[in-house]
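Tertiary structure, described
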Amino acid sequence: MLAIQRQPGTNTIEVVNSIKALLPTFRKQMPASVDLNILYDRSDSIRDSVNDVKFTLLLTIGLVIMVIFLFLRNISATIIPSLALPMSIVGTFAVMYLLGYSLDNLSLMALTLSVGFVVDDAIVMLENIVRHMEGGEGVLQAALTGSREISFTILSMTLSLAAVFLPVLFMGGILGRLLHEFAVTIGAAILVSGVVSLTLTPMLCSRFLRPPREQHHGRLYRLSEQGFDAMLGLYVRTLKPVLQHRLATMMVLLALVAGTGYLFTVIPGGFLPSEDTGSVFMFTEAQQGISFESMKAHQKELAKIVMDSPYVDNLFSSVGASGPNATLNTGRIFMRLKPRRTRPHVDEVIQRLRPKLAVVPGLRAFMQNLPPIRIGGQLTKSLYQFTLQSPDTGELYKYAPQLETRLKGLKELQDVTSDLQIANPQVNVEIDRDKAATLGVTAQQVEDALYTAYGMRQISTIYAPNNEYRVIMELLPEYQLDPTALSLLYIRSSKGNLVPLNTVATLTRNLGPMTINHLGQLPAVTISFNLAPGVALGQAVDSVDKIARQMLPSTITTSFQGTAQAFQSSFRGLGVLLIMAILVIYIVLGILYESFIHPITILSGLPAAGFGALLTLWIFRQPFWPLEWRVTDLNLYGFVGLIMLVGIVKKNAIMMIDFALETQRKEGKSPGDAIYEGAIIRFRPIMMTTMAALMGTLPIALGFGAGAEARRPLGLAVVGGLIVSQLLTLYITPVFYTYMEGLQHWLGRFRRKKKTTVEELPVGEPELVDSQD
């Protein structure tokens, strides 16, 4: 079996293609009795996953263009913002090429997600220009006026959305390595789309748009226009009472904040979702002290059951102390499953195989769906590791089996086992040195006789024209398997006599360790486990850690290894990342608006978005969903969806607040009237941009094919957050704006009053100053 690892900077697909091109040459040079076949090719799942993402990307582009057409009902007007898609993608490819990135799952997923909102800026620009044309301005004048009026809004939307991913660029560890390319790709697409919207889109509008009076519309246009007018009318009728009952609206906002916090505690955390790569890795373990022949027979019986499964295409089986196995009583079976369309999900295949493999007596099977990214740790019989360490081996070996027994009783875990093997039958040979010296036998002669009988002593080499053969001296197999045969072993003394081994040595039987494992410099025992169906890694980690603290003494230190350890460190990092993303957006908006009040207003829609995203993930976590559709945890991809929502949902507020501020400055309207007018006028671009983002993410949420189960939590989080935030922020943001404007007016009046009071104080009367303070 040939295992190949690519060098950093090389393309996996290219390496595999090069190797496959060499296989015919290898086959020609091999003897006819030797066959060379491909057992497992990881690039197959990579190709399938990339192809599925490419299809999702094309589908997303089609859906977004369809949304634009349904709102504008004009081919030329639809083409203008649609051109922002290829321009942004081509510009992003240029950035990726300069940075040495490749087209992989993360970069393609970033491009797919960006499709939904790279057209937002172009849509907002187009809609504002069309609004000026509907007001009677000429095409060129409307393009100039509309672009000048909306340019700051687009700049705010673009910079604040790109700023969401700035904290990712400074993250270290495995989390930073995973998300760095994703963040750069999507950030580049956003910035390029902003430049395109501020330059190309106004130019195209001035050349290809026609005044409304020159356009002739059919029945379909009039019907769709009536539908949009009905939605706008409903919004107008419902927005007025909401602005009149502002306190009730703020109570809804507080309820959303509380609900978001509650859902954060209800949904357990995870790391990387389980993906179907079409393979299953199995460890087998027999009783300690089993012979090689018996272990081989048990393994063959188990392999036959595996091959009888309708879901398994082929397998590779081996036993003995080699590779990841340090002991003779362990084996490995690598299964390659049949194509995905002909079988259920790999996790369901494992669950169906589990009872069938339990019928082989004396042999335990531990199956695991290997993760697409293996993070540290050792290759153990189960996927997740929990390690115990102590300098006192007696205490360590006493408590480790007790903890293993307790963990086996947890309903969250399955396949609980450990690498502690200290009950191996052995024969101790204790040499009587005085008697041996009397008979002319040394300890070295005893060791040589034992090694010659049971070791791999090479005494000669036979050279053939095309090969060489080692000549090994050892006992016949029937004597090797019988411990009583040791008494038949003779040692030639220095006097030339043959001395029986039992004359100069005492043979005793007892139990001893097969291996002594260490982590660092301390003896260690690693307990490994798999997750029960529907259980999140966060639940399992909390349960294991709680039991370990309850029953282990302070002299034994514990730690998770591999993926479980990466989860512990990364989950805290994800929370910090979310907070930093919000803080960075607040700073960017504060710089753009030169205010510390309005950024809070713009971010007021975040609780609704977070509540919608977490509620969607919680709904899809329920057991009535099929296994491949079920979301078990808030994993890395789900958190990326939450971070993206931070940047997406604030666009609605920016469009409303920009218009309201401009109206207040130019026309002197009150905050309530200004935000009401802004919400009504910006209703159409808000609906268009939200629907475009929704259609851009929906294919990921409903994705099928290779790797779709990994991307689905991200899509579900974004779709759920967009739907709920769209329904609520259209009402919450105007109300919150009026409160923040009132707060800003009160603070300004308070500062002016305080300044005036200080300036009017008489000089030389400090007691009056103190009293005023």
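Thresholds, definitions, all that
- In this numbering scheme, every chain counts its residues from 1 along its sequence in written order.
- With the structure being a predicted model, the display of local features is reserved for residues of pLDDT at least 70 and the display and counting of side-chain atom pairs for 80 or more, all residues being used for whole-chain, interface and lining totals.
- Excluding hydrogens and water, the side-chain figures rest on all heavy atoms present in the structure.
- To qualify as a helix, a DSSP run of H or I must reach at least 4 residues; to qualify as a strand, a run of E must reach at least 2; elements of each kind are numbered from the N terminus.
- For the radius of gyration, the atom set is restricted to C-alpha positions; the globular benchmark scales as 2.2 Å times the number of residues to the power 0.38.
- In what follows, residue pairs with any heavy atoms lying within 4.5 Å of each other are defined as contacts.
- Working definition of accessibility: Shrake-Rupley area with a 1.4 Å probe, residue cover restricted to the visible protein chains.
- When a residue's accessible area, from a 1.4 Å probe over protein chains only, is under 20% of the maximum for its type it is buried; when over 50% it is exposed; and in between it is partly exposed.
- Pairs of N or O atoms are called polar contacts if they sit within 3.5 Å, as long as, within protein, a hydrogen donor faces a hydrogen acceptor (for residues adjacent in sequence, only side-chain-to-side-chain pairs).
- Note on terminology: a nonpolar core comprises buried Ala, Val, Leu, Ile, Met, Phe, Trp, Tyr and Cys residues joined through side-chain atoms within 4.5 Å.
- Given the number of residues in a helix, its expected span is that number minus one, multiplied by 1.5 Å.
- Think of it this way: DSSP has to see at least two bridges between two strands before they count as a pair.
- Fitting a line to C-alpha atoms yields each axis, with helices limited to the stretch in contact; the angle taken between N-to-C directions then spans 0 to 180 degrees.
- Angle categories: roughly parallel below 35 degrees, roughly antiparallel above 145, roughly perpendicular from 65 to 115, and oblique for all the rest.
- Each helix crossing is assigned a hand: it is left-handed if the near helix lies turned anticlockwise from the far helix by less than a right angle, otherwise right-handed if that turn is clockwise.
- All residues other than Ala, Val, Leu, Ile, Met, Phe, Trp, Tyr, Cys, Pro, Asp, Glu, Lys and Arg, Gly among them, are scored as polar; the first ten of these are nonpolar and the last four charged.
- For every residue, the predictor assigns a confidence score, pLDDT, that lies between 0 and 100.
- For Phe, Tyr and Trp, where Trp contributes only its six-membered ring, two rings pair if their centres lie within 6.5 Å, and the inter-plane angle classes them as stacked under 30 degrees, edge-to-face over 60, or tilted in between.
- Sitting over a ring, as applied to charges here, requires NZ of Lys or CZ of Arg to be within 6 Å of the ring centre and within 35 degrees of the ring normal.

1. Remarks on the overall build of the protein chain
- Summing up its helical and strand segments, the protein chain has 28 helices and 15 strands in all.
- For a compact globule of 773 residues, the expected C-alpha radius of gyration is about 28 Å, and the protein chain comes in at 35 Å, more than 25% above that figure.
- Long-range contacts, defined as pairs at least 24 residues apart, comprise 78% of the intrachain contacts of the protein chain with a sequence gap of at least 6.
- Carbon together with sulfur atoms contributes 60% to the accessible area of the protein chain, which is approximately 37,400 Å² in total.

2. Structural notes on the environment of N424
- With respect to the element layout, N424 can be found in strand β7 (residues 424-431).
- Residue N424 is classed as buried on the basis of its relative accessible area, which comes to 16%.
- In contact with N424, other than residues within four places in its own chain, are Q288, G289, N510, L511, G512 and M514.
- From its side chain, N424 meets the backbone nitrogen of G289 in a polar contact 3.2 Å long.

3. Brief notes about the nonpolar core
- Ranked by size, the top nonpolar core spans 132 residues in total, and within it F182, I186, L209, Y235 and M644 carry the most contacts.
- Sort the elements by how many residues they give to this core and helix α27 (residues 708-759) lands first, with 14 residues.
- Excluding residues that lie within four positions of it along the chain, I186 makes contacts with A110, L113, S114, F117, F165 and M644.
- Counting 33 residues, the second largest nonpolar core, distinct from the first, contains Y384, L531, I547 and A566.

4. Let's talk about helix α19 (residues 537-551)
- For α19, which comprises 15 residues, the first-to-last C-alpha distance of 22 Å matches the rise-based estimate of 21 Å (1.5 Å per residue) to within 8%.
- Every buried residue of α19 is listed here: L537, G538, A540, V541, S543, V544, I547, A548 and M551.
- Packing partners of the buried residues in α19 comprise β5 (384-389), α14 (393-408), β6 (413-418), β14 (522-531), β15 (557-561) and α20 (562-593).

5. Observations regarding the sheet that holds strand β2 (residues 312-319)
- The sheet built from 4 strands is open, its strands ordered β2-β3-β1-β4 with antiparallel pairing. Every interior strand has two partners, whereas the edge strands, β2 and β4 (363-368), have only one. Ignoring which end each strand starts from, the neighbouring axes of this sheet average 20 degrees apart.
- Sheet topology note: the β2/strand β3 (residues 330-337) ladder contains 7 bridges and is antiparallel. Across the sheet, residue L315 finds its bridge partner in β3, namely M335.

6. Section: the packing of α20 against helix α24 (residues 650-667)
- Closest axis-to-axis distance for the α20/α24 pair is 14 Å, and the angle between their directions is 20 degrees. Considering their axes alone, α20 and α24 lie roughly parallel with respect to each other. Crossing of α20 over α24 shows right-handed handedness. On α24, the residues that touch I585, L589 and Y593 of α20 are K650, I654, D658 and L661.
- A per-class count over the contact of α20 with α24 returns 5 nonpolar, no polar and 2 charged.

7. Brief notes about helix α23 (residues 636-648)
- With 13 residues, α23 ought to run about 18 Å at 1.5 Å a step, and its terminal C-alpha atoms sit 19 Å apart, in line with that.
- Counting buried positions over the 13 residues of α23 gives 13, a clear majority of the element.
- The residue sitting at the N-terminus of α23 and contributing the capping side-chain oxygen is N635; that oxygen lies 3.1 Å from the backbone nitrogen of Y637.

8. Overview of the pairing of strand β9 (residues 468-473)
- Pairing of strand β8 (residues 457-463) with β9, which is carried by 6 bridges, proceeds in the antiparallel orientation. Note that in β9 the partner of R457 across the bridge is M473.
- The hairpin turn running from β8 into β9, its antiparallel successor, is 4 residues long.

9. What about the side chain of T663?
- Along the chain, T663 turns up in helix α24.
- Beyond its immediate stretch of four places on either side in the chain, T663 contacts G668, K669, A674 and E677.

10. Details of the confidence of the model for the protein chain
- Averaged over all residues, the pLDDT of the protein chain equals 82, while 91% of them reach at least 70.
- Helix α28 (residues 766-772) is the least confidently modelled element of the protein chain, averaging 39 in pLDDT, while β5 averages 91, the highest of any element.
- Every residue in residues 763-773 scores below 50 in pLDDT, and together they form 5 contacts with partners more than four places removed in sequence or on other chains.

11. Some thoughts on the packing of aromatic side chains
- By the definition in use, this model includes 8 aromatic pairs.
- Consider the rings of Y235 and F683, whose centres lie 5.0 Å apart with planes at 20 degrees: the pair is stacked. A residue pair is termed long-range when its members are at least 10 positions apart, and Y235 in helix α10 (residues 219-244) and F683 in helix α26 (residues 683-701) qualify at 448 residues.
- Among the aromatic residues, ring-to-ring pairing joins Y235, F683 and Y731 into one connected group.
- In this structure, R246 is placed above the aromatic ring of Y739, and the distance from its NZ or CZ to the ring centre is 4.3 Å.

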